[in-house]
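Chain and residue survey
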Amino acid sequence: MAENLFKVEIISPERAFYEGMVDFLELTTSEGEIGVYKNHIPMTNVLMPGVVTLHEEAGEKVAAVHAGFVVIMPDKVTIMAEIAEWPDEIDINRAEEARIRAERRLNEGGDSIDKDRAELALKRALVRISTIKR
């Protein structure tokens, strides 16, 4: 199995979040959800808020990421995320409260609401909740 492994790095402004070897990677880009195996064609894409699933030899790890870029090479993937969080770093109560606030703003509407900002806040909250529930 070791011949199918490739390196993955997840970097955020605060820290080197993850560095390890995986045999499969799942993430969400501006083109949709993608899966990456070793020897994937090189590409660069916009990273969207979503759950990153790292399939290591020892098992699966999940993390929440919130926007950035991903660079895919045949033997290495580098994810540069604005925010990266492990499930145990996420406060589920805060995420639920953020979801409720964002939904309320979107439902109330009006000219004073920044709809894009509210939608992004909702997406972040849903990603955090989804990461914890996996």
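Residues numbered from 1 in each chain as written. Predicted model: local features only at pLDDT ≥ 70, side-chain atom pairs only at ≥ 80, totals over all residues. Heavy atoms only, no water.

Regarding its fold elements, the chain presents two helices and 10 strands. Secondary structure elements in the chain, listed N-terminal to C-terminal, are β-β-β-β-β-β-β-β-β-β-α-α. Referenced to the eigenvectors of the C-alpha coordinate spread, the extents of the chain come out at roughly 55 × 30 × 25 Å. Counting over 134 residues, the chain shows a buried share of 40%. Taking contacts inside the chain between residues at least 6 apart in sequence as the whole, the part at least 24 apart equals 54%. In the form shown here, the chain has an accessible surface area of approximately 7800 Å², with 49% of it arising from carbon and sulfur atoms. Charge separation in the chain, taken as the distance between the mean sites of 17 positive and 25 negative side-chain charges, equals 4 Å. (Helix = DSSP H or I, 4+ residues; strand = E, 2+ residues; numbered from the N terminus. Buried < 20%, exposed > 50% of the residue type's maximum accessible area, 1.4 Å probe, protein only. Contact = heavy atoms within 4.5 Å. Areas by Shrake-Rupley, 256 points an atom, 1.4 Å probe, with all protein chains shown as cover. Lys, Arg positive; Asp, Glu negative; His and termini not counted. Charge placed at Lys NZ, Arg CZ, Asp CG, Glu CD.)

All right, on to a nonpolar patch on the surface then. Where nonpolar side chains cluster on the molecular surface, the patch consists of Ile11, Val46, Met48, Phe69 and Met80 and spans about 400 Å² of accessible area. Assignment of secondary structure puts Met80 in strand S9 (residues 76-81). (Patch = residues over 30% accessible without salt bridge, like charges linked within 9 Å, V, L, I, M, F, W, Y side chains within 5 Å. Salt bridge = Lys/Arg side-chain N within 4 Å of Asp/Glu carboxyl O.)

A few words now on the layout of surface pockets. Reported here for the largest pocket is a volume of approximately 320 Å³. Lining of the largest pocket is provided by 15 residues; of these, Arg94, Ala95, Ala98, Arg101 and Arg128 occupy positions nearest its centre. Counting only elements with at least two residues in the lining of the largest pocket, the list comes to helix H1 (92-108) and helix H2 (115-133). No other element matches the six residues that H2 contributes to the lining of the largest pocket. The residue makeup of the lining of the largest pocket, split by class, is six nonpolar, no polar and nine charged. In this structure, the second largest pocket spans a volume of roughly 220 Å³. Taken together, 15 residues form the lining of the second largest pocket, with Thr28, Glu33, Gly50, Val51 and Arg134 sitting closest to its centre. Those elements giving two or more residues to the lining of the second largest pocket turn out to be strand S3 (24-29), strand S4 (32-36), strand S6 (50-56) and H2. (1 Å grid on protein atoms, 1.4 Å probe; cavity = no way out; pocket = protein on both sides within 12 Å on 5 of 7 lines; lining within 4 Å. Points joined across faces, edges and corners; volume = space filled by probe spheres on them. Nonpolar A, V, L, I, M, F, W, Y, C, P; charged D, E, K, R; others polar.)

What follows deals with the nonpolar core. Generally speaking, a soluble globular protein has its nonpolar side chains buried in company with each other. Grouped together as the largest cluster of nonpolar side chains are 21 residues, with contacts concentrated most on Val8, Ile10, Leu25, Leu54, Val77 and Ile79. Not counting residues up to four positions away in its chain, the partners in contact with Val8 are Tyr18, Glu19, Gly20, Val22, Leu25, Leu54 and Val77. Val62, Ala64, Ile90 and Val127 belong to the second-largest nonpolar core, a separate cluster that totals five residues. (Core = buried A, V, L, I, M, F, W, Y, C linked by side-chain atoms within 4.5 Å.)

Attention now goes to the environment of Ile72. Here Ile72 shows up in strand S8 (residues 68-73). According to the relative accessible area criterion, Ile72 is buried, its value standing at 0%. It is 12 Å that separates the C-alpha atoms of Ile72 and Glu26, two residues lying 46 residues apart in sequence. Ignoring sequence-local partners within four residues, the contact set of Ile72 consists of Ile34, Val36, His40, Ile41, Pro42, Met43 and Val77.

For H2, with 19 residues, the first-to-last C-alpha span of 27 Å sits near the 27 Å given by 1.5 Å per residue. Restricting attention to buried positions, one finds in H2 the residues Ala118, Leu122, Ala125, Val127, Ile129 and Thr131. (Expected span 1.5 Å × (residues − 1).)

Turning to its location among the elements, Val127 is positioned in helix H2. The sequence separation of Val127 and Ala95 amounts to 32 residues, and the corresponding C-alpha distance is 9.0 Å.

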